[in-house]
Amino acid sequence: MKFTFSLLCVAVLGAGAVPRLAAQASNIGTIQGMVLDPSGKAVAGASVLVTDPAANYQHTVTTGPHGHYELLNVPFDPYEVIARAPKFATAVQSVNVKSAVPLTVDLKLALAGSNTTVSVEAASNMVATVSPSAHTVVSQRAITELPEPSPGAGLADLIAETSPSVVADSNGFFHPLGDHAEQTFVVDGQPDSNQQSKLFSTAIPTNAISSLNLVTAAPSAEYGDKTSLVVEATTRSGLGETKPHGEVETYYGSFGTVGENARLGWGNAKFGNFLAVDSVRSGRFMDSPEFVPLHDIGNNGTIFDRIDFQLNPANIFHLDLLGARNWFQIPNTYDQQATNQNQRQQVISFDIAPSYQHVFNASTLLTGDAWLRRDHVNYYPSGNPFADQPATMSQDRFLTVIGGKLDVTYASADNNLDAGIQATQTQLQEQFQLGLTNPLFNADCVNAGGAPVAAPGVTQPAGCAAAGFQSNPSFSAGLAPYDLTRGGSLFNFSGRHNINEISGYAQDSLTLGGWNFSLGLRDDHYAGLVTYNGIQPRVGFSRRIPWSHSVIRASYTRAYESPYNENLLLSSLTGQGGLATNVFGAYAAAPLQPGRRNLFDVGLNQELSKYVRLDGDYFWKYTNSAFDFDTMFNTPITFPITWAKSKIDGFGVRISTVTLHGVSVGTSMGHARARYFGPETGGLIFNSPLATGAFRIDHDQNFQQSTDVNYRHGNVWTVFTWQYESGLVAGAVPTLASVLALGGDQQAAMGFYCGSQVATLTQPITACTVPYGQWGATRVSIPAPGTENPDTNPPRIAPRNLFDFTVGDDDLYRTELGQFTANLSMTNLGNTEALYNFLSTFSGTHFVEPRSAVLTLGFSF
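Chemist: What is the right way to look at the overall build of the chain in this model?
Modeler: A tally of regular secondary structure across the chain gives eight helices and 48 strands. Its C-alpha radius of gyration of 28 Å places the chain within 12% of the 29 Å reference for a compact globule of 861 residues. Reported as C-alpha extents along the three principal axes, the dimensions of the chain are approximately 105 × 60 × 50 Å. When the 861 residues of the chain are sorted by exposure, 60% land in the buried category. Within the chain, counting contacts between residues at least 6 apart in sequence, those at least 24 apart form 67% of the total.

Chemist: Mind showing me how you'd approach the nonpolar core here?
Modeler: Soluble, globular proteins show a tendency: their nonpolar side chains are buried together. With 43 residues, the main nonpolar core has Met 393, Phe 432, Leu 434, Met 632, Leu 684 and Ile 685 as its most contacted residues. Counting residues per element, the ones that place at least two in this core are β22 (364-380), β23 (391-411), β24 (415-436), β28 (491-512), α6 (568-571) and β33 (612-631). Residue contacts for Met 393: discarding those within four places in its chain leaves Tyr 379, Tyr 380, Pro 381, Asp 388, Phe 432, Gln 433, Leu 434, Met 632, Phe 633, Thr 635 and Ile 637. Core analysis: the next-biggest nonpolar cluster, separate from the first, contains 27 residues, Ala 142, Ala 156, Leu 229 and Val 719 among them.

Chemist: Quick question: what am I supposed to make of helix α3 (residues 154-162) here?
Modeler: One turn of an α-helix holds 3.6 residues; hence residues three or four places apart share an orientation. The element α3 is extensively covered by neighbouring structure, given that nine of its nine residues are classed as buried. The complete set of buried residues in α3 reads Gly 154, Leu 155, Ala 156, Asp 157, Leu 158, Ile 159, Ala 160, Glu 161 and Thr 162.

Chemist: I would appreciate a short explanation of the packing of aromatic side chains in the present structure.
Modeler: Using the criterion set out here, one finds 29 aromatic pairs in the structure. A centroid spacing of 5.9 Å and a plane angle of 65° characterise the contact between Phe 173 and Phe 200, whose relative ring orientation is edge-to-face. Taken together, the positions of Phe 173 in the loop between β10 (166-168) and β11 (174-176) and Phe 200 in the loop between β13 (190-192) and β14 (209-217) put the pair 27 residues apart, joining distant regions of the chain. The same class applies to Phe 173 and to Phe 200, which are both buried. For the ring pair Phe 703 and Tyr 724, a centre distance of 6.3 Å and an interplane angle of 40° mean the geometry is tilted. Linking Phe 703 in strand β37 (residues 701-713) with Tyr 724 in strand β38 (residues 716-725), this pair joins segments that are 21 residues apart in sequence.

Chemist: Sorry, what's going on with the sheet that holds strand β25 (residues 445-446) here?
Modeler: Across a sheet, strands are paired by hydrogen bonds formed along the backbone, either parallel or antiparallel in direction. Taken in spatial order, the three strands make up an open sheet running β26-β25-β27, and their pairing is antiparallel. Taken across any chain shown, the strands that pair with only one partner, and hence form the sheet edges, are β26 (452-453) and β27 (470-471). Bridging between β25 and β27 involves two bridges; their strand directions are antiparallel. Directly across from Val 446, in β27, lies its bridge partner Gln 470.

Chemist: Could you clarify how one ought to interpret the pairing of strand β34 (residues 638-657) in this entry?
Modeler: Walk down a regular strand and you will see the side chains alternate between the two sheet faces. Counted residue by residue, β34 has 15 buried out of 20 residues, so it is predominantly covered. Two elements, β33 and β34, share 19 bridges in a ladder whose sense is antiparallel. Its bridge partner lying in β34, Phe 627 is registered against Thr 642. The hairpin turn running from β33 into β34, its antiparallel successor, is six residues long, and Phe 633 in that turn takes a positive phi close to 55°. Pairing of β34 with strand β35 (residues 663-681) involves 14 bridges; the strand directions are antiparallel. Residue pairing in the sheet places Trp 643 in a bridge with Glu 680 of β35.

Chemist: I would appreciate a short explanation of the sheet that holds β13 in the present structure.
Modeler: If you walk across this open sheet you meet the five strands as β9-β14-β15-β12-β13, and the pairing is mixed. Each of the sheet's edge strands pairs with one partner strand only, and the pair in question is β9 (134-138) and β13. Between one strand axis and the next, the sheet turns by 20° as a mean value, whatever way the strands run. Summarising the sheet, strand β12 (residues 183-187) and strand β15 (residues 229-235) pair through five bridges and their orientation is parallel. The residue of β15 that forms the bridge with Gln 183 is Leu 229. Running over the sheet, α3 touches β9, β12, β14 and β15 and is turned about 50° from β14.

Chemist: Mind showing me how you'd approach the state of the cysteines here?
Modeler: Each disulfide is one covalent bond, formed between the sulfur atoms of two cysteines. Evaluated as defined, the whole model comprises two disulfides. Covalently, Cys 445 is tied to Cys 464 through a disulfide, its sulfur atoms 2.0 Å apart. Every disulfide takes its handedness from the sign of the S-S torsion; for Cys 445 and Cys 464 that torsion is -85°, giving left-handed. Of this pair, Cys 445 sits in strand β25 while Cys 464 is found in helix α5 (residues 462-466), placing the two residues 19 residues apart along the sequence. Disulfide partner of Cys 754: Cys 768, at an S-S distance of 2.1 Å. Of note, the bridge from Cys 754 to Cys 768 carries an S-S torsion of about 95° and is right-handed in sense.

Chemist: So what exactly am I meant to see when it comes to the pattern of salt bridges here?
Modeler: Working definition: two side chains of opposite charge can pair if their charged atoms are close together. All told, the structure shown has 23 salt bridges when counted by the stated rule. Between Glu 145 and Arg 712 there is a salt bridge whose closest N-O contact spans 2.6 Å. Taken together, the residues span a long stretch of sequence, with Glu 145 in helix α2 (residues 140-145) and Arg 712 in strand β37 at a distance of 567 residues. On the accessibility criterion, Arg 712 (26% relative accessible area) is partly exposed. Asp 700 serves as the salt-bridge partner of Arg 696, at 3.0 Å between the closest nitrogen and oxygen. No difference in accessibility class separates Arg 696 from Asp 700, as the two residues are buried. One continuous salt-bridge network, built from bridges that share partners, spans Arg 675, Arg 696, Asp 700, Asp 791 and Arg 796.

Chemist: What exactly am I supposed to notice about a nonpolar patch on the surface here?
Modeler: Where nonpolar side chains cluster on the molecular surface, the patch consists of Val 663, Val 709, Tyr 711, Phe 720, Trp 722, Phe 803 and Phe 805 and spans about 530 Å² of accessible area. Those elements that provide at least two residues to the nonpolar patch are β37, β38 and β44 (800-814). For Val 709, the position within the fold is in strand β37.

Chemist: Got a minute to help me understand the environment of Gln 422 in this structure?
Modeler: Its place among the elements puts Gln 422 in strand β24. In sequence terms Gln 422 and Glu 501 are 79 residues apart; their C-alpha atoms lie 8.2 Å from each other. Look past the residues within four positions of Gln 422 in its chain and what remains in contact with it is Pro 191, Glu 222, Trp 371, Gly 404, Lys 405, Glu 501, Ile 502 and Ser 503.

Chemist: Quick question: what am I supposed to make of unusual backbone geometry here?
Modeler: Working note: non-glycine residues mostly have negative phi, and peptide bonds are mostly trans. With an omega of 5°, the peptide bond between Gln 389 and Pro 390 qualifies as cis. As for its placement among the helices and strands, Pro 390 is situated in the loop between β22 and β23. For the peptide bond that leads from Gly 678 to Pro 679, omega is 10°, which places it in the cis range. Although it is not a glycine, His 295 sits at a positive phi angle of roughly 55°. Note that His 295 resides in the loop between β18 (271-282) and β19 (298-312). Despite not being glycine, Asn 831 has its phi angle at roughly 50°, a positive value. Tracing the chain through its elements places Asn 831 in the loop between β45 (819-827) and β46 (835-840).

Calculation criteria
Residues numbered from 1 in each chain as written. Predicted model: local features only at pLDDT ≥ 70, side-chain atom pairs only at ≥ 80, totals over all residues. Heavy atoms only, no water. Helix = DSSP H or I, 4+ residues; strand = E, 2+ residues; numbered from the N terminus. Rg over C-alpha atoms; globule rule 2.2 N^0.38 Å. Buried < 20%, exposed > 50% of the residue type's maximum accessible area, 1.4 Å probe, protein only. Contact = heavy atoms within 4.5 Å. Core = buried A, V, L, I, M, F, W, Y, C linked by side-chain atoms within 4.5 Å. Phe/Tyr/Trp six-rings, centres within 6.5 Å; stacked < 30°, edge-to-face > 60°. Pairing = 2+ DSSP bridges. Axes fitted to C-alpha atoms, helices over the stretch in contact; angles between N-to-C directions. Disulfide = S-S within 2.5 Å. Salt bridge = Lys/Arg side-chain N within 4 Å of Asp/Glu carboxyl O. Patch = residues over 30% accessible without salt bridge, like charges linked within 9 Å, V, L, I, M, F, W, Y side chains within 5 Å. Areas by Shrake-Rupley, 256 points an atom, 1.4 Å probe, with all protein chains shown as cover.

Written out as structure tokens, the structure reads:
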């Protein structure tokens, strides 16, 4: 890491005036300064607004008695700073926030009688250019008003609704740039590349977030591990809030959903505290394998606290604290409900993240971060093992991350340099048990029609023939010792291991005229079940074209993708084809190797008019050792697996309008072609046969779009949302024969029909002779016979349109202490019966939420 040390030494040299420091993440800036009258005297009580109209981003503060203002937690992007005061004309200054070093902008107001809007010169490090990265800034209004239909997964819902390159999946999962769950969350500067879906952990609640930036291409060299999406979140702060403010909400809705949210911020010039507490209980906590949820009760509780200490103008200490608990039942199919299956899971998480910042001078900022995060997952089987179908399983797993980062930022007129070093230790502890409980799941024999048969004491091949049956071609020898129906015993695994990683990085943003160049280098040393060292160059440029009101950009990213840590130890022992094809203990260990990726991206930011902006990009990436999950049936237990390679390309487009007469519209749309190539390594049991050649994985979707129409009149607001999904790949049912082999429950879930006959739970369709077009499925698109191809024409989930609507009033009734608020949110207005996925090896089977309504009442002060 010699290059990092040298850059750190260079960056801390120098002296100069020390501006006041505000605690913030390295991806967030501060705008501060004075508002002055024509004679140079301070203007107290002036309103200062920072705004990006196209992104509907606004943040307002008021100058103090000495005319000083400070705008905190401003995401990197170009903005306008607008100052207003009675008897003065408005002053406007264009700025570009691209550094964590505080930006000083003094605004001088002309007298109102001059009919002048004054544009003043700003500090030397403000250049209005656009970053080469593809990113989406999510406004505070969107964070507050967009619907969150999934209990305990509000942040995931928000990301899928606003980022054009992200495809929604079940249970808070999403697919950024055609990958599965390849994202890094950065909260107040703390990076976390582990899973934060409610199946594994708990993400920060949305009511604690001040700003959100979603980066899908050209990530900074500061970030590694998983970079298909970098979620940069900055939390709210109570620093400088001399008057306590907050809100208390309670809500009730469909499926017995009831919850409470509360937030409170207070402080002074030296101290700040912001507290957010959330809880929810629902009868449809998870996305269910049936349209009507069965055995699906769950609850979530989260508490988040941010503490800031302003030691002096140049030094500040910041602390984030998070504690959370998820408890939920595992949703049943009708078949599982009939056996009284009662599987449950509990996840307990906590996070402690202190941070320190020091300003050396007007150009140089030092940031030190540390963190301790732990997720403890318990999975509980039914009391009667044979009530669990087709298998009983249990899990007790810990994932603990201890980390630290030291970062120096240097900003000048045309150069912004960020360099640092990061070290983490991930401690893994895994205990897992598995036993098959259905004699037909891994039967030795099949009948003449190919259906599995229970033949106690009969083994293939000779035994099947002697009994009048045929050998089962899908029989898995590796599972036979753990089949409880034939006298087998539970599969037991217990292991622990530490993964150590140290990284150095340098990221430079250089402005030359209308050009902006991004130059980055990252070096990762990973020591886990395997050891590797990866140097990752990252380059990009953007060019502003004034005459066409355009910005073009292009970038290249080299990235090393670390394996998923959840159940990594067991999955690294099962080899090619997983446990199903290997007898445990009789094979060579096959630790999952890191992914090595080349990502290319080109983009265009185009002002279509003074009211409408388009931001689009096209990406293509190639990965050796591409990751995914092996999901155990429809449970939240997953095992990381790798494929030999992947080739993914696609586009994302975001069209947005300014707010005009209270109305704003935003549309995100995208496409991802995700081609994967065998062989596969790792995993246990797969929900459908594994492909060996090229195939489309279930991240692949031809087209998706999400449109939100927002209207506000005074305190009353509405949001209408339309989501269209063309359908993810559903590779388990490529042919009519594969559908006929399913049971009634599965056929009914996909909506299978043959002529006038419709499959039901108790009456599956076992033969179908009508021509194609007279048979099919309402919720899965099956290719015509002879045209099916796993790479060029795979089966897919049927297209769906979902509509949501929310109406609210932020000042329903006002008192001396504050005002009452109310909103009503309705999702899936048409009560559309649609699937996220079906019998997916990587996700299972899950329906979208039926029509539901939630009424929220609150009091803010």
